[in-house]
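# Architecture at a glance
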Amino acid sequence: MIGYYVHHQGRGHLHRAVAVAAHIREPVTVLSSLPRPAQWDTPWIVLPPDSVDAPDDPTARGRLHWVPLRHAGHRERMGRIAEWIRRTEPRLFVSDVSVEAATLARLMGTPVVVAAMRGDRSDEAHRLAYDLADALLAPWPRSCPEPGWPPQWKAKTLHTGSISRYDGRPRHARGSGRDASRREVAVLLGGGGTDLSSTQLREAARATPGWTWTVLGGPGADWVEDPWPVLCRADVVVTHAGQNAVAECAAARVPTVVIPQNRPHGEQHATARALRTAGLATVRDAWPEPRAWAGLLAEAAARQDRWELWSPGDGARQAARLLTGLAGGTRERIACAPR
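Throughout what follows, the structure given in this document is the object of discussion. Small disclaimer: the values here were computed from a predicted structure and weren't measured.

### A look at the overall build of the protein
- In terms of regular secondary structure, the protein is built from eleven helices and twelve strands.
- What you see for the protein is a C-alpha radius of gyration of 20 Å, in line with the 20 Å of a compact globule of 339 residues.
- In terms of overall dimensions, the protein has a C-alpha envelope of 60 × 45 × 40 Å along the principal axes.
- Looking at the protein as a whole, 51% of its 339 residues qualify as buried.

Here's what the structure looks like:
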């Protein structure tokens, strides 16, 4: 049995877990505050929420990320994870991503894999989780490393390239299913919140009369459970720099404008820098003024497609192979081709 902790912020952690678990033969149990997806047919442990408006020492004086004192929800959450580990005796625990869940599993003698994140992870909590992990799972290519990682992290990291629920799914022809006389830009916004306003979207659309704007999620738009057809038909996608959003654009091989949002540890800005350096996307550090959009969309649409460098298409299989090997007691690094 493999335990898989899935963080409840956004939907990227969940999509990645489902994609990876599909390639693992032995049972996988997810532990999460998210509702169980309809397609998930193996055990799902529901964890209670542990949010609180006025937490008491939530970081344990800077040593952890979220351990509020005297909080019943947090205590129950950790208790359910611990009880599941005690009862089930999993052969491996995957944390995607929680320092506290990873640490708890390791304290109970369970091997741990931590899903790595970009950005500055030099704080004490992240160093603890990355140091104690048996392996780190990095969903980006080795050719786009995160600068500043110590040698001991690099030595136990598997770089899979991006992991998308759409890897291997047939791509529709660009422009299919829409008016050929107009170009389309799709705005892909995630479920983890956005600092973008509906006014900014309307102003950008008004400034680009030759383009049809389709907004997927975010302010004033409905959540779209399966954006794949829209991503494939669009001439350009505009999105943030979350790992899952970038992975879905890369899987669709669609020209993309990436505008990072502010996240803890500078995660999205770090991803945007990597994409800019590799020449894989058109990157802007902030939402442009309306007058800049016509030129920006033209620039992005003219970019040569090189997304295969970020998204080789087998990231989930690579991750599953690592997890299967570690669960079976294979401690040595699983070889993989440089990517």
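Read on for the rest.
### Overview of empty space enclosed by the protein
- Considering all chains together, one arrives at one cavity of 30 Å³ or more under this definition.
- Put simply, the largest cavity is a space of about 50 Å³.
- Every residue along the wall of the largest cavity is listed here: Arg253, Val254, Pro255, Leu280, Arg303, Gln304, Asp305, Arg306 and Trp307.

### Some points on the pattern of salt bridges
- The tally for this structure, following the rule as stated, stands at 16 salt bridges.
- The residue glutamate 83 makes a salt bridge to arginine 87 at a minimum N-O spacing of 3.9 Å. Residue glutamate 83 and its partner arginine 87 are both found in helix α2 (residues 72–88); the two are separated by four residues, about one turn of the helix.
- Where salt bridges share partners, they join Glu83, Arg86 and Arg87 into one cluster.

### A closer look at unusual backbone geometry
- Of note, the bond from aspartate 96 into valine 97 is cis; its omega dihedral lies within 30 degrees of zero at -5 degrees.
- Residue position: valine 97 is located in the loop between β4 (92–96) and α3 (99–107).
- Although it is not a glycine, aspartate 57 adopts a positive phi angle of roughly 45 degrees.
- Tracing the backbone shows aspartate 57 in the loop between β3 (44–46) and α2.
- Classification of aspartate 57 by relative accessible area gives partly exposed; the value is 24%.

### Some words on the layout of surface pockets
- Estimated volume of the second largest pocket: approximately 400 Å³.
- Taken together, 20 residues form the lining of the second largest pocket, with Leu14, His15, Val18, Gln39 and Arg165 sitting closest to its centre.
- For the lining of the second largest pocket, the leading source of residues is helix α1 (residues 12–21), giving four residues.
- Taken together, the residues that form the lining of the second largest pocket break down as eight nonpolar, six polar and six charged.

### Description of helix α8 (residues 243–252)
- Counting buried residues in α8 gives ten out of ten residues, a clear majority hidden from the surface.
- Turning to α8, its buried residues number three or more, namely Gln243, Asn244, Ala245, Val246, Ala247, Glu248, Cys249, Ala250, Ala251 and Ala252.
- If you follow the buried residues of α8, they end up packed against α1, β8 (183–188), α7 (228–233), β10 (236–239), β11 (256–258) and α9 (267–278).

### Looking at the sheet that holds strand β5 (residues 112–115)
- Spatial ordering of the open sheet is given by β3-β2-β1-β4-β5-β6-β7, a layout of seven strands whose pairing is parallel. Two strands bound the open sheet, and with one partner strand each, they are β3 and β7 (157–159). Strand-to-strand, the axes of this sheet are offset by a mean angle of 20 degrees, without reference to chain direction.
- When strand β1 (residues 2–6) meets β4, the two strands line up parallel, connected through five bridges. When the sheet's bridge partners are listed, glycine 3 is paired in β4 with phenylalanine 93.
- Taken strand by strand, α1 contacts β1, β2 (28–32), β3, β4 and β5, and its axis lies near 160 degrees from that of β1.

### With respect to the environment of valine 113
- Tracing the backbone shows valine 113 in strand β5.
- Taking C-alpha positions, valine 113 is 22 Å from serine 143, a pair spaced 30 residues apart along the chain.
- Every residue in contact with valine 113, bar those within four places of it in the chain, is listed here: Leu92, Phe93, Val94, Ser95, Ala135, Leu137, Leu323 and Leu326.

### Details of the packing of aromatic side chains
- Applying the stated criterion to the full structure yields eight aromatic pairs.
- Measuring from centroid to centroid gives 5.4 Å for tryptophan 213 and tryptophan 293, while their planes differ by 80 degrees, and the two rings are edge-to-face. One end of the pair, tryptophan 213, is in strand β9 (residues 211–216); the other, tryptophan 293, is in helix α10 (residues 293–301), and 80 residues separate them in sequence. Judged on exposure class, the residue tryptophan 213 and its partner tryptophan 293 are both buried.
- Taken together, the ring pairs in this structure connect Tyr130, Trp140, Trp149 and Trp153 into an aromatic cluster.
- In this arrangement the basic side chain of arginine 118 is found over the ring face of tryptophan 140, its NZ or CZ atom lying 4.5 Å from the centre.

Each value, and the rule that gives it
Residues numbered from 1 in each chain as written. Predicted model: local features only at pLDDT ≥ 70, side-chain atom pairs only at ≥ 80, totals over all residues. Heavy atoms only, no water. Helix = DSSP H or I, 4+ residues; strand = E, 2+ residues; numbered from the N terminus. Rg over C-alpha atoms; globule rule 2.2 N^0.38 Å. Buried < 20%, exposed > 50% of the residue type's maximum accessible area, 1.4 Å probe, protein only. 1 Å grid on protein atoms, 1.4 Å probe; cavity = no way out; pocket = protein on both sides within 12 Å on 5 of 7 lines; lining within 4 Å. Points joined across faces, edges and corners; volume = space filled by probe spheres on them. Salt bridge = Lys/Arg side-chain N within 4 Å of Asp/Glu carboxyl O. Nonpolar A, V, L, I, M, F, W, Y, C, P; charged D, E, K, R; others polar. Contact = heavy atoms within 4.5 Å. Pairing = 2+ DSSP bridges. Axes fitted to C-alpha atoms, helices over the stretch in contact; angles between N-to-C directions. Phe/Tyr/Trp six-rings, centres within 6.5 Å; stacked < 30°, edge-to-face > 60°. Lys NZ or Arg CZ within 6 Å of the ring centre and 35° of its normal.

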